Amino acid sequence: MYMNNYVVVTIFLFLGVLLPIAALTIGRWLRPHKPIEEKYTTYESGNEPVGEGQVRFNIRYYLFALMFVIFDVETVFLYPWAVAYKQLGLFALVEMCIFVTLLIIGLLYAWKKKVLQWTSI
């Protein structure tokens, strides 16, 4: 019985490696391959590209996106707690209040540092 578990894991690891390799190989065999010079140029809505290909973005964009991801992921933790609230009791309520308080402190800190203000470059 103990070795049976290793056999199942080995089969899954083998399939996890084999299936993507097989799919990529079959795709390479089936796709058309007609390389021409025009296919290797940069395409911008049918126009010739103008200027640099790499543009520097304002760092506030990344900070704003990071703040969204942080608070979005943290709100996901609230859902299981709300579903199981009756079984968890008062202790879980106190813990969740502490958690939400820490989130609010983080939001106020970001607001104070003006991370949430969107200004142009």
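All values reported here derive from a predicted model rather than from experimental measurement.

Draft legend 1. Structural detail: the overall build of the protein chain. In terms of helices and strands, the protein chain carries five helices and zero strands. Ordered by position in the sequence, the α and β elements of the protein chain form the string α-α-α-α-α. Since a compact globule built from 121 residues should have a radius of gyration of about 14 Å, the 26 Å found for the protein chain marks it as more spread out than a globular shape. In terms of overall dimensions, the protein chain has C-alpha extents of about 65 × 65 × 20 Å along its principal axes. By residue count, 6% of the 121 residues in the protein chain fall in the buried class. Taking the contacts inside the protein chain whose residues are at least 6 apart along the sequence as the reference set, 58% of them involve residues at least 24 apart.

Draft legend 2. The UniProt feature "transmembrane region" (unreviewed entry) in the protein chain, seen in detail. The sites that carry the UniProt feature "transmembrane region" (unreviewed entry) are, in the present numbering, residues 6-30, 61-82 and 88-111. Secondary structure across residues 6-30 divides into 100% helix and 0% strand, with the first and last C-alpha atoms of the span separated by 36 Å. In this annotation, residues 88-111 is assigned 96% helix and 0% strand; the end-to-end C-alpha distance for the span is 33 Å.

Draft legend 3. Expanded view of the packing of aromatic side chains. In this structure the tally under the stated criterion is two aromatic pairs. Between Phe77 and Phe99, the ring centres sit 6.5 Å apart and the planes meet at 80°, which makes this aromatic pair edge-to-face. Taken together, the positions of Phe77 in the loop between helix H2 (59-76) and helix H3 (78-83) and Phe99 in helix H5 (residues 90-112) put the pair 22 residues apart, joining distant regions of the chain. On the basis of relative accessibility, which here comes to 23%, the residue Phe99 falls in the partly exposed class.

Analysis parameters
- Counting restarts for each chain, with residues numbered from 1 along the sequence as it is written.
- Per-residue local features of the predicted model are confined to residues with pLDDT of at least 70, and side-chain atom pairs are confined, for both listing and counting, to 80 or more; whole-chain, interface and lining totals are unaffected and use all residues.
- The side-chain figures draw on all heavy atoms in the structure; neither hydrogens nor water molecules are used.
- Only DSSP runs of H or I with at least four residues qualify as helices, and only runs of E with at least two residues qualify as strands; both kinds are numbered from the N terminus onward.
- Note on method: radius of gyration uses C-alpha positions; expected globular size equals 2.2 Å times residues raised to 0.38.
- Partly exposed residues are those whose accessible area sits between 20% and 50% of the maximum for their type, while under 20% is buried and over 50% is exposed, using a 1.4 Å probe and protein chains only.
- The criterion used for residue contact is that any of the two residues' heavy atoms lie within 4.5 Å.
- UniProt positions are given in the numbering used here, feature names are shortened, and annotations may be inferred rather than shown by experiment.
- Planes of paired rings set the category: under 30 degrees apart is stacked, over 60 is edge-to-face and the rest tilted, where pairs are Phe, Tyr or Trp rings (Trp by its six-membered ring) whose centres lie within 6.5 Å.

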